[in-house]
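Residue-level structural notes
Below, each chain spelled out in residue letters.
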Amino acid sequence: MKSQGGDPDEELVVRVGRGDPAAIQALMARKLPRMLQLARRMLDDAIEAEDVTQELFLRAWKQAPSWQPGVARFDTWLHRVAVNLCYDRLRRRRETLMAEPPEQADLGPAPDRGLQARDTGRRVEAALAALPDRQREAVVLCHYQELSNIDAAALMSVSVEALESLLSRARRALRAALADMRE
Amino acid sequence: MGMMDRTRFEALAEAFGGRIDLWPDAEREAAWRFVAEQGETARALLADAASLDEQLQELRPPQPSAALRQAILDAAPRLRAGRSRLWRWLTGAGLGAGLAAACAAGVLAGAVSTGPSADATADALMAASDDGAALGPVESLGSVDTESNS
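None of the values given here were measured: they were computed from a predicted structure.

Moving on to the overall build of chain B. A count of helices and strands for chain B gives 7 helices and 0 strands. Of the regular secondary structure in chain B, the N- to C-terminal order runs α-α-α-α-α-α-α. Looking at the 150 residues of chain B, the share that counts as buried comes to 33%. Intrachain contacts of chain B at a sequence separation of at least 6 include 59% that bridge at least 24 residues. Accessible surface computed for chain B: about 8500 Å², of which carbon and sulfur atoms make up 56%.

Bringing the pattern of salt bridges into the picture now. What the rule picks out here adds up to 28 salt bridges over all chains. Residues A:E164 and B:R8 are paired through a salt bridge, measuring 2.6 Å at the closest nitrogen-oxygen approach. With A:E164 in helix α8 (residues 160-177) and B:R8 in helix α1 (residues 6-16), this pair bridges two chains. With a relative accessible area of 13%, A:E164 lands in the buried category. By relative accessible area, which is 26% here, B:R8 ends up partly exposed. A salt bridge links B:R28 to B:D25; its shortest N-O distance comes to 2.4 Å. You can see B:R28 and its partner B:D25 sitting in helix α2 (residues 25-38), 3 residues apart, about one turn around the helix. One network of salt bridges, in which partners are shared, links A:D9, A:R30, A:K31, A:R34 and A:D75.

Attention now moves to helix α6 (residues 133-144) of chain A. Compared with the 16 Å implied by 1.5 Å per residue over 12 residues, the 15 Å span of α6(A) between its first and last C-alpha is a close match. Of all the 12 residues making up α6(A), 11 are buried; the element is thus mostly covered by neighbouring parts of the structure. For α6(A), the complete set of buried residues consists of A:D133, A:Q135, A:R136, A:E137, A:A138, A:V139, A:V140, A:L141, A:C142, A:H143 and A:Y144. Looking at the packing, one finds that the buried side of α6(A) touches α2 (21-43), α4 (74-99), α5 (120-129), α7 (149-156) and α8 of chain A together with α3 (40-57) of chain B. A:E146 sits one or two positions beyond α6(A) and adopts a positive phi of about 55°.

Bringing the nonpolar core into the picture now. Of all hydrophobic cores here, the largest spans 76 residues; its most connected members are A:L38, B:F9 and B:W23. Among the elements that line this core, the one with the most residues is α2(A), at 11 residues. Those residues in contact with B:W23 that sit more than four places away from it in its chain are B:F9, B:L12, B:A13, B:F16, B:G17, B:R28, B:A31 and B:L46.

Next up on the list: the packing of aromatic side chains. All names here are of chain A. For the coordinates displayed, the defined rule picks out 6 aromatic pairs over all chains. A ring pair is formed by F74 and W77, whose centres lie 5.8 Å apart and whose planes are at 25°; its orientation type is stacked. Residue F74 and its partner W77 are both found in helix α4; the two are separated by 3 residues, about one turn of the helix. The same class applies to F74 and to W77, which are both buried.

Thresholds applied
Every chain begins its residue count from 1, and numbering advances along the sequence as written. Chains and ligands are labelled sequentially in the order written, the chains with letters from A and the ligands with numbers from 1. Where totals are concerned, whole chains, interfaces and linings use all residues; where local detail is concerned, this predicted model gives features only for residues with pLDDT of at least 70, and gives and counts side-chain atom pairs only at 80 or more. Excluding hydrogens and water, the side-chain figures rest on all heavy atoms present in the structure. Each helix corresponds to a stretch of at least 4 residues labelled H or I by DSSP, and each strand to a stretch of at least 2 residues labelled E; elements are numbered beginning at the N terminus. Under the scheme applied here, a residue whose accessible area is under 20% of the maximum for its type counts as buried, over 50% as exposed, and between as partly exposed, the area being computed with a 1.4 Å probe on protein chains only. Residues are treated as being in contact if the distance between any of their heavy atoms lies within 4.5 Å. Note on areas: Shrake-Rupley with a 1.4 Å probe; residue coverage comes only from the protein chains shown. A side-chain nitrogen of Lys or Arg and a carboxyl oxygen of Asp or Glu constitute a salt bridge if their distance falls within 4 Å. For a helix, the expected span equals 1.5 Å multiplied by the residue count minus one. Think of a nonpolar core as a cluster: buried Ala, Val, Leu, Ile, Met, Phe, Trp, Tyr and Cys residues, connected wherever their side-chain atoms sit within 4.5 Å. The pairing test for Phe, Tyr and Trp rings, Trp by its six-membered ring, is centres within 6.5 Å, and the orientation test on the planes gives stacked under 30 degrees, edge-to-face over 60, and tilted for anything in between.

Printed below as a string of structure tokens:
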């Protein structure tokens, strides 16, 4: 898959591959908040999100020396790895829950999940976390990461029509969950 | 590009939110035409979608912890062999790369002329360098990056 329209990260990644400290700092500054946000929104757990982000950067550092300019966009590659790592976590979480059923119905990682959260942010977080994984992924990629529909669909291995359907269902559910907060 | 009807416009607003600039490339032009033609109807649909966008934006981006930043930096690639501390000292002292190279060559020549063997020369150079291997943690290198001058 050839990258389209050039890769704004390409030069930086090549320098990272050579061990250039300034490039390492610059790439981290550029990508860390964005990728942490993705993991946090996908997992709804601050500690797991940091674990996944650390693992993601370990992989990026390993990949950098052999990065092939012009083959794929680095940001797309990074998102793909991040999403896969998040799904690994979600799968593991489900397996753990199946192997060791919780005594209480709600063992979500967020301490105040299920309670009447007072601040809007927490309410949104809870509403996002309650979405089915694929719907949440669609919202995270398109709304928070601001990927194009084509890039998000490619990352999710679905058609753009299927992506649109996931987004519509997700936003309807979010709208319903947050309806009482709307003016 | 064909005309866009209300049903399609509404579906796009429902899926992608109230900002047409974030809608699929292929449909933006028709969407803007719909806005121009339908005015109030279109704006009402966009405003409705935008109210959910605003709620979603209430979720503040998480801040990476200092521990995470450090763990990532600690695992970063190290500078490859070939740019020694001597090199960075010479270029960091304001010498151009060419002059620094000449000085480095002078060190080499001096070592060759006074040293008894090639091994001793290599030892002398290695002592002035980073053992031809990894540098310390990235942050310890400071902000001067002479590598990019080459």
